[in-house]
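Chain residues, written in single-letter form:
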Amino acid sequence: MKRDEVFRDPQQQIVDFVFDETVAAAFTDMIRRSVPGYEVVVPMTGLLAARALRHCASQAVYDLGCSLGATTLAVLRASGDDSVQINAVDNSPAMLERATELISDDRVNFVEADIATLEFEPCAVVLMNWVAQFLSPATRLEVLQRIRQQLDPNGLLIVSEKIRFTNPDEQTYCEQAHLDFKRANGYSELEISQKRVALENVMIIDSEAEHTERFHAAGFGSVQKWFQCLNWASFLVRP
Ligand SMILES: C[S@@+](CC[C@H](N)C(=O)[O-])C[C@H]1O[C@@H](n2cnc3c(N)ncnc32)[C@H](O)[C@@H]1O
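Residues numbered from 1 in each chain as written. Predicted model: local features only at pLDDT ≥ 70, side-chain atom pairs only at ≥ 80, totals over all residues. Heavy atoms only, no water.

Some details on the pairing of strand S1 (residues 60–64)
Next up, step 1: Buried residues dominate S1, accounting for five of its five residues.
Next up, step 2: Every second residue of S1 is oriented toward a common face, with Ala 60, Tyr 62 and Leu 64 on one face and Val 61 and Asp 63 on the other, all of them buried.
Next up, step 3: Pairing of S1 with strand S2 (residues 85–90), which is carried by five bridges, proceeds in the parallel orientation. The residue of S2 that forms the bridge with Ala 60 is Gln 85.
Next up, step 4: For the crossover from S1 across helix H3 (residues 70–79) to S2, the handedness is right-handed.
Next up, step 5: In this structure, S1 lies alongside strand S4 (residues 123–129), joined through three bridges in parallel fashion. Bridging across to S4, Asp 63 finds its partner in Leu 127. (Buried < 20%, exposed > 50% of the residue type's maximum accessible area, 1.4 Å probe, protein only. Helix = DSSP H or I, 4+ residues; strand = E, 2+ residues; numbered from the N terminus. Pairing = 2+ DSSP bridges. Right-handed = clockwise from strand over helix to strand, strands pointing away.)

Structure follows, in structure tokens:
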């Protein structure tokens, strides 16, 4: 696994973060050292997806923002079922090129597409692990509505995100504790601050209440926060 050194050296001008070849090469290390709970949420996503698949006629799964396919692999491992069909979607050619090298399985169809305009087919499970935060806020509700229209009545949507707290004390506390997590994982102050600037206009964070309201506005009946570590949470969303 290549060590993430994307923001190691001082940059004259910090440009907006993109999921390009440099990021794709170091992505596994980057996300593990940056997202608290990643190594719990990904395999649990597989198990939760497999459970939902057992109760649905459709065996179609969407892994939206699949990156290198970690979540897709978790579903394959947990479902142990030949009939599952995973559409692993990303709009980064660099990510998809590496993902296709890592996963060669007839049950997985890699799709280069923008989630904002993706046409969904009937499906049992939709997984959005740390991707909704990168969609333009104006498109987020519409994407959820399109997912809701195609999701099996017994189906499942999982959305994992960084969240913002409306209480300023909670926000400061969790933000600082998250920085401690990154320092403990070997990131320097320079790396942390340069990445923060690069993400500022790209990763737009919603509060738990905003997520919950949007899920209901899109027509989902049940929203359960099943995981949280500091300012990182995951929601189980059902019709
Ligand atoms: C933080 S990563 C997701 C990690 C991944 N789900 C996992 O479990 O390892 C976000 C991914 O979403 C992709 N992405 C961002 N915006 C997108 C969009 N509008 N359409 C499709 N993919 C998008 C990025 O290219 C990137 O690979």
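Observations regarding the packing of helix H1 (residues 21–34) against helix H6 (residues 168–184)
Next up, step 1: H6 packs onto H1 with a crossing angle of 135° between their chain directions and a minimal axis gap of 8 Å. Between H1 and H6, the angle falls in the class oblique. Between H1 and H6, the residues in contact are Arg 32, Arg 33 and Ser 34 and His 178, Phe 181 and Lys 182, respectively.
Next up, step 2: Here the residues of the contact of H1 with H6 are counted per class, giving one nonpolar, two polar and three charged. (Axes fitted to C-alpha atoms, helices over the stretch in contact; angles between N-to-C directions. Parallel < 35°, antiparallel > 145°, perpendicular 65-115°, else oblique. Contact = heavy atoms within 4.5 Å. Nonpolar A, V, L, I, M, F, W, Y, C, P; charged D, E, K, R; others polar.)

A look at the side chain of Thr 71
Next up, step 1: With respect to the element layout, Thr 71 can be found in helix H3.
Next up, step 2: Sequence-distant contacts of Thr 71, defined by excluding residues within four places in its chain, comprise Val 42, Thr 45, Asp 63, Leu 127 and Asn 129.

As for helix H7 (residues 189–199)
Next up, step 1: Within H7, the full set of buried residues consists of Glu 191, Ile 192, Gln 194, Lys 195, Ala 198 and Leu 199.
Next up, step 2: Taken together, the buried residues of H7 touch H1 and H6.

Details of the site of the ligand
Next up, step 1: In the region of the ligand, 21 residues are neighbours, and Tyr 38, Gly 65, Ser 67, Asp 90 and Asp 114 sit closest.
Next up, step 2: Asp 90 is positioned with one of its side-chain polar atoms (N or O) 2.5 Å from an oxygen atom of the ligand.
Next up, step 3: Contact distances for the ligand include 3.0 Å between a nitrogen atom and a backbone N or O atom of Ile 115.
Next up, step 4: When the free accessible area of the ligand is taken as 610 Å², the share hidden by the protein chains comes to 95%.
Next up, step 5: For the shell around the ligand, the secondary structure elements donating two or more residues are H1 and H3.
Next up, step 6: Of the residues belonging to the shell around the ligand, the class tally is 13 nonpolar, six polar and two charged. (Near = heavy atom within 4 Å. Polar contact = N/O pair within 3.5 Å; in protein donor to acceptor, adjacent residues only side chain to side chain. Areas by Shrake-Rupley, 256 points an atom, 1.4 Å probe, with all protein chains shown as cover.)

Overview of the packing of aromatic side chains
Next up, step 1: Scanning all chains against the criterion turns up eight aromatic pairs.
Next up, step 2: Judged by centre distance (5.1 Å) and plane angle (85°), the rings of Phe 19 and Phe 134 are edge-to-face. With a gap of 115 residues between them, Phe 19 in the segment before H1 and Phe 134 in the loop between S4 and helix H5 (137–150) connect regions that are remote in the sequence.
Next up, step 3: On the basis of an interplanar angle of 50° and a centroid distance of 5.8 Å, the ring pair of Trp 226 and Phe 227 is categorised as tilted.
Next up, step 4: Among the aromatic side chains, those forming a connected cluster through ring pairs are Phe 7, Phe 17, Phe 19, Phe 27 and Phe 134.
Next up, step 5: Positioned over the ring face of Tyr 187 is Lys 182, at 5.5 Å from the centre of the ring. (Phe/Tyr/Trp six-rings, centres within 6.5 Å; stacked < 30°, edge-to-face > 60°. Lys NZ or Arg CZ within 6 Å of the ring centre and 35° of its normal.)

Don't take any of this as a statement about function, it's just geometry.
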